[in-house]
Amino acid sequence: LGALYWTLTHSTGWVEWSAFLFGFALINMGVGIGYHRYFTHRAFEAGPKMRLAIGIMAQMACQASVLKWAADHRLWCHKHRWSIAIFSSIILPALWALAFGGPEYIIGTILIGGFFRNFFFLNFVMGVNSIGHVFGSQRFKTKDGSRNNWFMAWMTFGDGWHNNHHQHPRAASSQVAWWEFDLN
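Below you will find a few notes about this structure.

The rules behind each value
Residues numbered from 1 in each chain as written. Predicted model: local features only at pLDDT ≥ 70, side-chain atom pairs only at ≥ 80, totals over all residues. Heavy atoms only, no water. Salt bridge = Lys/Arg side-chain N within 4 Å of Asp/Glu carboxyl O. Helix = DSSP H or I, 4+ residues; strand = E, 2+ residues; numbered from the N terminus. Buried < 20%, exposed > 50% of the residue type's maximum accessible area, 1.4 Å probe, protein only. Axes fitted to C-alpha atoms, helices over the stretch in contact; angles between N-to-C directions. Parallel < 35°, antiparallel > 145°, perpendicular 65-115°, else oblique. Left-handed = near helix turned anticlockwise from the far one by under 90°. Contact = heavy atoms within 4.5 Å. Nonpolar A, V, L, I, M, F, W, Y, C, P; charged D, E, K, R; others polar. Phe/Tyr/Trp six-rings, centres within 6.5 Å; stacked < 30°, edge-to-face > 60°.

1. Observations concerning the pattern of salt bridges
Opposite charge on two side chains makes pairing possible when the charged atoms of those side chains draw close.
Here's step 1: According to the stated counting rule, one finds 3 salt bridges in the structure shown.
Here's step 2: With its nearest N and O atoms 2.9 Å apart, the salt bridge here joins Asp159 to Arg37. Of this pair, Asp159 sits in the loop between helix H8 (150–155) and helix H9 (162–167) while Arg37 sits in helix H2 (residues 14–40), and the two are 122 residues apart along the sequence. Neither Asp159 nor Arg37 differs from the other in exposure class; each is buried.

2. Concerning unusual backbone geometry
Here's step 1: Of note in this structure, Arg42 is not a glycine but carries a positive phi near 50 degrees.
Here's step 2: Tracing the backbone shows Arg42 in the loop between H2 and helix H3 (48–59).
Here's step 3: You can call Arg42 partly exposed: its relative accessible area is 29%.
Here's step 4: Within the chain, Phe157 stands out as a residue other than glycine whose phi angle is a positive 60 degrees.
Here's step 5: Here Phe157 is to be found in the loop between H8 and H9.
Here's step 6: The class for Phe157 is buried, based on a relative accessible area of 12%.

3. Section: the packing of H2 against helix H6 (residues 81–100)
Here's step 1: H6 packs onto H2 with a crossing angle of 135 degrees between their chain directions and a minimal axis gap of 10 Å. It follows from the interaxial angle that H2 and H6 lie oblique. In this structure, H2 meets H6 at a crossing whose hand is right-handed. Two secondary-structure elements touch here, H2 through Trp14, Val15, Ser18, Ala19, Phe22, Leu26 and Ile27 and H6 through Ser88, Leu92, Trp96, Ala97 and Phe100.
Here's step 2: Classifying every residue of the contact of H2 with H6 gives 10 nonpolar, 2 polar and no charged.

4. Comments concerning the packing of aromatic side chains
Here's step 1: One pass over the full model with this rule turns up 21 aromatic pairs.
Here's step 2: With a centroid separation of 5.8 Å and 65 degrees between ring planes, the pair formed by Trp14 and Phe100 is classed as edge-to-face. Of this pair, Trp14 sits in helix H2 while Phe100 sits in helix H6, and the two are 86 residues apart along the sequence.
Here's step 3: When the centroid spacing of 5.6 Å and the interplanar angle of 80 degrees are considered together, the rings of Trp161 and Trp179 count as edge-to-face. With Trp161 in the loop between H8 and H9 and Trp179 in the segment after H9, this residue pair connects regions lying 18 residues apart in the sequence.

Quick look at the structure:
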């Protein structure tokens, strides 16, 4: 709500919105690649440094700790979940504002590039598990009703190919057809 108020009462520009887009891409890949494909399904192998990086990127989404996502007791990220959430939502956008705009951009960039970015992203990620079982196409006949939804796939860097994923949950990519964009 603060970000909405800010955008209606203040002029915003490339500093705030570039922080939004950069952070959106970072947490989108963290959740899609880290929480979902690696920690939950073990779709690929990763060394300790890569596990730490994708765990931190995922927790920057302020969605929950890695323990909530995968029951494999990933304590290296779980114990730092709140400091990572604060870094993602407040400190990183503030540093972005200072680096690319100046002190007068800090509040707007925190609101838009931090809080609004998280709100926007979380609604799409959670939408995959609701919209992705109601709207879209079914390439594979699964018992769970999962669907491929191109819009959700676009907004989540590939996780909206939900029917493909449910058919092949351990695959590193949810792309089956050449046109099914899966950046994750």
